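Listed below are the residues making up each chain.
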Amino acid sequence: MTDSYAPFVVDGDEIATLLSSLDRIRRTFAWKCGGLDADQLRATTAASTMTLGGLLKHLAFVEADWFAVKLRGEPIGPPWDAAEPGSEWETAAGDRPAELYALWDSAVARSRAMVAAALAEGDAGRPGSFTWPDGRTPNLRRIIADMIEEYARHTGHADLLREAVDGLVGEDAPA
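Since the model is a prediction, treat every value here as computed from it, not as a measurement. (Residues numbered from 1 in each chain as written. Predicted model: local features only at pLDDT ≥ 70, side-chain atom pairs only at ≥ 80, totals over all residues. Heavy atoms only, no water.)

S.K.: Account for the packing of helix H1 (residues 14-33) against helix H6 (residues 140-166), naming residues and giving values.
M.R.: Contact geometry for H1 and H6: axes closest at 9 Å, N-to-C directions at 20°. Between H1 and H6, the angle falls in the class roughly parallel. Between H1 and H6 lies a crossing of left-handed hand. Looking at the contact of H1 with H6, its residues break down into 15 nonpolar, 4 polar and 6 charged. (Axes fitted to C-alpha atoms, helices over the stretch in contact; angles between N-to-C directions. Helix = DSSP H or I, 4+ residues; strand = E, 2+ residues; numbered from the N terminus. Parallel < 35°, antiparallel > 145°, perpendicular 65-115°, else oblique. Left-handed = near helix turned anticlockwise from the far one by under 90°. Nonpolar A, V, L, I, M, F, W, Y, C, P; charged D, E, K, R; others polar.)

In structure tokens:
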């Protein structure tokens, strides 16, 4: 999985801080899911059917949904354009580890490009291309904050799953 992350920003402006926080949690998530074989990516714990492979595929989908569709108004793209909603959780078990890692890596790279394009057109207050049924439209700032929350929640899941797989524990990926 990708290791192309900038150092964690501790004294940046608003957007640099938000993007650095998102990349920090992405890096930790990648560390929790990295270097595993197919059986390890399919492992479950407790009563949950959640797997690390399912998390990789789900977060690849969420990257595309929030940044391509909701921020930029672009098509979600493959493989999501032909997938049943929510199927990423089940179909990940049939994917090879290299496919899952590549899918997630490409989703993150696409998201970074879309954020850069949005910032080139305006600031973090730039509205997205999505409106909730109540008429509210999230701006780039809100979308990034929601992605940080999504990753934080699922990195906690990945932490528990990874510890059950091979005992790996820790808060931040090694530098």
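On we go from here.
S.K.: Outline the nonpolar core, listing residues and values.
M.R.: General note: in soluble globular proteins, nonpolar side chains tend to be found buried as a group. Within the largest apolar cluster, 41 residues are counted, with the highest numbers of intra-cluster contacts made by Phe 29, Leu 52, Leu 56, Phe 67, Trp 104 and Tyr 151. At the level of secondary structure, the elements contributing two or more residues to this core comprise H1, helix H3 (52-72), helix H5 (97-121) and H6. For this core, the element with the most residues is H3, which contributes 11 residues. Residues within four places of Leu 52 in sequence aside, it is in contact with Lys 32, Cys 33, Leu 36, Gln 40, Leu 41, Ala 158, Leu 161, Arg 162 and Val 165. (Core = buried A, V, L, I, M, F, W, Y, C linked by side-chain atoms within 4.5 Å. Buried < 20%, exposed > 50% of the residue type's maximum accessible area, 1.4 Å probe, protein only. Contact = heavy atoms within 4.5 Å.)

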